[in-house]
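These are the residues of each chain, in order.
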Amino acid sequence: MAHLAASASQLPNLNLDPAEEASHSPPPPESTRRKVVVVMGATGAGKSRLAVDLAGHFAGVEVVSADSMQVYRGLDILTNKVPLHQQNGVPHHLLSIIDPSVEFTCRDFRDHAVPIIEGILDRGGLPVIVGGTNFYIQALVSPFLFDDMAEDMQDCTLSDHLIEIGLDNDDEANLYEHLKKIDPVAAQRIHPNNHRKIRHFLELYGSTGALPSDLFQGQATEKWGRPSNSRFDCCFLWVDADLHVLDRYVNERVDCMIDDGLLDEVCNIYDRDATYTQGLRQAIGVREFDEFFTLYFTQKEAGEIKMDSCTSMADLHDDKLKSLLDEAVSQLKANTRRLVRRQRRRLHRLNKDFEWNLHHIDATEAFYSSSVDSWNMKVVKHCVDIVRGFLSKDTTLASRDGSNVIRSPRMSSKELWTQYVCEACDNRVLRGALEWEQHKQGRCHRKRVQWLKQKTRGVH
C-alpha cells in the first residue's frame, strides 16, 4: 500500500458539524470577544480557593473546572474535588460528570466547556476557569487541536496499515519507531510515551498519506495555542509559591487524604486486571497502591484478613502489608511532587513560547501564615485588582505590585518543537528549547553530569 505525502491544503473534508466548525473559524475581533478569568497553577497552590474567593468580589461568578481527573465520577478525596460546603454557593461545572472508564480528551473538554462558558456569559455572569490541566485550558485558547483532525478522520485504518507493514497495534515502542521513520519531524514533537498521540498521527497517515508534520507548518504553527487567537478575551492568574513550600503542602495533603478515607476510595475501584492508561485509573494515587491491594486481597480471600473497611489498614499487623502501604504513600507523595514540577514547567513554557500573559501571584507568604488575612491580602486582593482592571480595561490596575505579567519574545517553530535527549539522565526526553535549558540548569542534571565526569576520570 503506497502512501503519498499530501500538503495541508490537500487534506480531506473532515465533515465537521456546525459546533465543531466554529472551533476552527477565525477568532472574533478583540473588541467583541467576551471576557473570562482563568486561574492556573500547580497542584496545591490554592486555585480552587481563589476562585471561590473571587465570587465574593464579582457578581455572577461561576467556576468551570479544567481538571482532567475531577471531571470523572469517583475518587473525590484523591482528586481533591472542592466539597460542597467549601463551594460557598458558587456554581461549579464539569465536576463528576464522566464515567470513570471513559477516555476524556482535550477536545472533549473544549466541546463540553465552551457551551457552559457561553451560557454563563449569556446570563450576565463571569466564568472563572480553574484547573491544573494546562492542556485543557490550552484547548480553549487554541483555534486548532490535532484531536479535531485525528478523531474526525473517516475510516481510520491504523490496524490495517500496521498489519500490512508487520507491526502489532499493541507494540507501543515499535509504533513510535515507525512514526520516526515515516515522519521524523512529527515524532520530534511528541513524547515517546504519548501513545494516544502516536496512534493519532499514524491514523492520519494511514488514512490519507498526509504527513502529520504538514499540520504544523505556516499559519497553523504561528497561531496554535496563542491567546490572541482565542474565542475569549482571557485574564490569566497564575497562583504560585516556592517549590519547597508546595512540596511540604503536598506531603501534608496526602497524609490528610489518608486520614479522610483515600484508601477506601482506591479500594473501591481496584481491579487487578485493569490498566492504568485510560479514564480515572490514570490518576496519581491509583497505580501506586497496586502492589499493596494485590497482596491485601490475596490475603483477604485466603481468610487471613477480616475487615470491611480499608481505613483501618494502618492498624494491620502484617509487616509486608505495612511495608507496601508505606511505600505506596511515599510514592504517591513523590509522584505528586513531580507533577507540581511538570505543571510549573508547562506554565513557564506557555509564557515563553506561546506568549500567554500570565499574572504571576506569589502566595509563598500566605502559605507560611495560618491567618486568613494573609491569604486575603497577599493573594485575593491582588487578584481582585487585576480582574477589576481587566474587566474595565484599565491596564494600570492589571500590573500593580504583587503580580508580574511575564512577556517573552516569540520563539521560532524549531525552538518550540525540537526534541532533546539527555544521555546523562538515562536518555530523558525534553521537548522544546525552554524545557531543555531548564533541565540543564536543574540540580539533578548537574549532579549527574558531575558524577559521570568523575567516573570517566576514574577509568582513565
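Below or above, wherever it landed, is the structure these notes cover. Please read these numbers as outputs of a predicted model, since none were measured by experiment.

**Digging into the nonpolar core**
By size, the foremost hydrophobic cluster in this structure holds 58 residues, and its most contacted members are M40, I117, I129, F289, F293 and W356. Sorting the residues of this core by element identifies β1 (34-41), α3 (106-122), α4 (134-141), β5 (232-240), α11 (243-260), α12 (262-269), α13 (290-301) and α14 (319-354) as the ones contributing at least two each. With nine residues, α14 is the largest single contributor of residues to this core. Grouped together as the second largest cluster of nonpolar side chains are 35 residues, F58, L126, A366 and V384 included.

**Side note on the pairing of β5**
Most of β5 sits out of view: nine of its nine residues are buried. The alternating pattern of β5 places F232, C234, F236, W238 and D240 on one face and D233, C235, L237 and V239 on the opposite face, and all of these are buried. Note: β5 against strand β6 (residues 358-362), five bridges, orientation parallel. Following the sheet pairing, L237 is matched in β6 by H359.

**A look at α11**
Look at α11: 25 Å from first C-alpha to last across 18 residues, which is about the 26 Å you get at 1.5 Å a residue. Within α11 the residues assigned to the buried category are V245, L246, D247, V250, R253, V254 and M257. Looking at the packing, one finds that the buried side of α11 touches β5, α12, α14 and α15 (364-368). Two residues or fewer after α11 comes G261, characterised by a positive phi angle close to 110 degrees.

**Brief notes about the packing of α11 against α14**
Where α11 contacts α14, the axes come no closer than 10 Å and their chain directions differ by 140 degrees. The pairing of α11 with α14 is recorded here as oblique in orientation. The crossing of α11 and α14 is right-handed. Contacts between α11 and α14 involve L243, L246, D247, V250, N251, V254, D255 and I258 from the first element and V329, L332, K333, T336, R337, V340, R341 and R344 from the second. Of the residues contributing to the contact of α11 with α14, the split by class is eight nonpolar, two polar and six charged.

Cut-offs used in this document
- Note that residues are indexed from 1 along each chain, following the sequence as it is written.
- Reporting in this predicted model follows two pLDDT cut-offs: at least 70 for local features of residues, and 80 or more for side-chain atom pairs to be given and counted; totals over whole chains, interfaces and linings ignore these cut-offs and use all residues.
- Calculated side-chain values reflect all of the structure's heavy atoms, with hydrogen atoms and water omitted.
- Think of a nonpolar core as a cluster: buried Ala, Val, Leu, Ile, Met, Phe, Trp, Tyr and Cys residues, connected wherever their side-chain atoms sit within 4.5 Å.
- To sort residues, take the accessible area from a 1.4 Å probe on protein chains only and compare it with the maximum for the residue type: under 20% means buried, over 50% means exposed, and anything in between is partly exposed.
- We count a stretch as a helix when DSSP gives it H or I for four or more residues in a row; a strand needs E for two or more, and each element gets its number in order from the N terminus.
- The criterion for strand pairing is that DSSP finds at least two bridges linking the strands in question.
- Working rule for helices: expected span equals 1.5 Å times residues minus one.
- Any two residues whose heavy atoms approach within 4.5 Å at even a single point are treated as in contact.
- What counts as an axis is a line fitted to C-alpha atoms, over the stretch in contact for a helix, and the angles between N-to-C directions run from 0 to 180 degrees.
- Should an angle lie under 35 degrees it is considered roughly parallel, over 145 roughly antiparallel, and from 65 to 115 roughly perpendicular; all remaining angles are considered oblique.
- In this scheme the crossing of two helices becomes right-handed for a clockwise turn of the near helix relative to the far one and left-handed for an anticlockwise turn of less than a right angle.
- Under this grouping Gly is polar, as are all residues other than the nonpolar Ala, Val, Leu, Ile, Met, Phe, Trp, Tyr, Cys and Pro and the charged Asp, Glu, Lys and Arg.

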